[in-house]
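# An overview of the molecular structure
Chain by chain, the residues:
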Amino acid sequence: MISDLRSEQNDHLFPVISRSDYRDLVGNLTMLWDRLDRDIERFQNSPKDEGTDHAAPMPDDSEAYFELSNALVDKVREHSEKLSGKIKISLALLFGILVGLASLSFIEFFTVSRRTRELRSLAFRDGLTGLYNRYACDRYLSDLSDGFAHHIGAALFDLNNLKNVNDGLGHDAGDRLICRFADVLERFCRS
């Protein structure tokens, strides 16, 4: 496990921290572990001699080993907390960007939707009077003729002297005349 702490390829999913103080701790921990491992093996394989104490250095080494282990855990915890803080900030920024993009998308959707309604209105209605234009009438008549026999009446109007009004009083006066006539039609005709 200790060698996995130094390695970028480890099965324990330990964090690999490249700071020198962390690397020094791992190196010291490795050295102590190797020494403890040798001492334990020597103690287990040595004859039980009453006069010599082969285990004398082991308590000091094991205590130092666990102190270094705790220091290493503290370094890993500190590193993880820093990473966690960075991840939280990154996630908050990402969330803000996503909310901003979603807001822009909704605004764009509503703008396009409104503009589509405006263009549809312009395609079917006369810009000056607001009455249905020839294209709208052609579509309406085409829809009526699809399989149904309807009695349809049509009225054509000619505004006498419109050319004279345009030439004599200007096109604004002619437009006002056309709009007044459209108002009369709307008041006396069904939608």
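Here the residue numbering is sequential within each chain, running from 1 through the sequence in written order. Given that the model is predicted, a residue must reach a pLDDT of at least 70 before its local features are reported, and side-chain atom pairs must reach 80 or more before they are shown or counted; all residues, however, enter totals for whole chains, interfaces and linings. Side-chain measures were taken over the full set of non-hydrogen atoms in the model, leaving aside hydrogen atoms and water.

### Examining the overall build of the chain
Numbering of helices and strands runs from the N terminus, with a helix taken as a DSSP run of H or I at least four residues long and a strand as a DSSP run of E at least two residues long. A tally of regular secondary structure across the chain gives six helices and zero strands. The linear arrangement of helices and strands in the chain, starting from the amino end, is α-α-α-α-α-α. Taking the intrachain contacts of the chain between residues at least 6 apart in sequence as the baseline, contacts between residues at least 24 apart amount to 49%. Note on definitions: a residue-residue contact is assigned when non-hydrogen atoms from the two residues lie within 4.5 Å.

### Looking at helix H2 (residues 20-45)
An α-helical turn contains 3.6 residues, so a residue and the one three or four places further along point in the same direction. By this rule, a helix spans an expected 1.5 Å times one less than how many residues it contains. With 26 residues, H2 should cover 38 Å at 1.5 Å per step; its first-to-last C-alpha distance of 37 Å lies within 8% of that length. With a 1.4 Å probe rolled over the protein chains alone, any residue whose accessible area is under 20% of its type maximum counts as buried; one over 50% counts as exposed, and the rest are partly exposed. If you check which residues of H2 are buried, you get Tyr22, Leu25, Val26, Leu29, Thr30, Leu32, Leu36 and Asp39.

### What to know about a nonpolar patch on the surface
For patches, a residue must show more than 30% relative accessible area and have no salt bridge; joins then use 9 Å for like charges and 5 Å for nonpolar side chains, namely Val, Leu, Ile, Met, Phe, Trp and Tyr. With residues, only the protein chains shown are counted as cover, and all accessible areas are computed by Shrake-Rupley using a 1.4 Å probe. Salt bridge, as used here: a side-chain nitrogen of Lys or Arg that lies within 4 Å of a carboxyl oxygen of Asp or Glu. Taken together, Leu83, Ile87, Leu91, Leu94, Ile97, Leu98, Leu101, Leu104 and Ile107 make up a surface patch of nonpolar side chains, about 880 Å² in accessible area. Relative to the helices and strands, Leu83 resides in helix H3 (residues 57-124). Look at Leu83 and you get partly exposed, because its relative accessible area is 40%.

### With respect to the confidence of the model for the chain
A score between 0 and 100, pLDDT records how confident the predictor is in each residue. On average, residues of the chain carry a pLDDT of 80, and 79% of them reach 70 or more. Taking the mean pLDDT of every element in the chain, the minimum, 56, falls on helix H1 (residues 2-6) and the maximum, 93, on helix H5 (residues 162-169).

### Examining the packing of aromatic side chains
Note on aromatic pairs: the rings of Phe, Tyr and Trp (six-membered ring only in Trp) are paired at centre separations within 6.5 Å, and the planes decide the class, stacked below 30 degrees, edge-to-face beyond 60, tilted for the rest. Tallying each qualifying case throughout the model produces three aromatic pairs. Ring geometry for Phe124 and Tyr135: centres 5.4 Å apart, planes at 35 degrees, overall tilted. Of this pair, Phe124 sits in helix H3 while Tyr135 sits in helix H4 (residues 134-144), and the two are eleven residues apart along the sequence. By relative accessible area, Tyr135 is classed as partly exposed at 44%.

### Focus: the pattern of salt bridges
Applying the stated rule across the entire model yields six salt bridges. Of the charged contacts, one joins Arg77 and Asp74 as a salt bridge, the two residues approaching to 3.0 Å between their closest N and O atoms. One end of the pair is Arg77 and the other is Asp74, both in helix H3 and three residues apart, which spans about a single turn. The partner of Arg134 in a salt bridge is Asp138, and the shortest N-O contact between them spans 3.8 Å. Of this pair, Arg134 and Asp138 both sit in helix H4, four residues apart, roughly one helical turn. What makes Arg134 exposed here is its relative accessible area of 68%. Taken together, the shared-partner salt bridges in this structure form one network comprising Arg114, Arg115 and Glu118.

### Quick look at the packing of H5 against helix H6 (residues 171-188)
Lines fitted to the C-alpha atoms define the axes, with helices restricted to the stretch that makes contact. Angles between their N-to-C directions range from 0 to 180 degrees. Here H5 crosses H6 at 145 degrees, and the two axes come no closer than 6 Å. Facing Leu162, Val165, Asn166 and Leu169 of H5, the residues of H6 in contact are His171, Ala173, Gly174, Leu177 and Ile178. Its residues placed into classes, the contact of H5 with H6 shows six nonpolar, three polar and no charged. Charged means Asp, Glu, Lys or Arg here, nonpolar means Ala, Val, Leu, Ile, Met, Phe, Trp, Tyr, Cys or Pro, and polar covers whatever is left, Gly included.

### Section: the environment of Lys75
For Lys75, the location among the structural elements is in helix H3. Measuring from C-alpha to C-alpha, the distance between Lys75 and Asp21 comes to 8.7 Å, with 54 residues separating the pair along the chain.

### Regarding the nonpolar core
Counting ten residues, the largest nonpolar core consists of Tyr22, Leu25, Val26, Leu29, Leu32, Leu36, Tyr65, Leu68, Leu72 and Val76. Elements with a minimum of two residues in this core: H2 and H3. The element best represented in this core is H2, accounting for six residues. To define a nonpolar core, start from buried Ala, Val, Leu, Ile, Met, Phe, Trp, Tyr and Cys residues and group those joined through side-chain atoms within 4.5 Å.

### Here we look at the environment of Ser69
Its location among the elements puts Ser69 in helix H3. Taking C-alpha positions, Ser69 is 8.7 Å from Val26, a pair spaced 43 residues apart along the chain.

### Quick notes on unusual backbone geometry
We note that Asn161 has phi near 65 degrees; this positive angle belongs to a residue other than glycine. With respect to the element layout, Asn161 can be found in the loop between H4 and H5.

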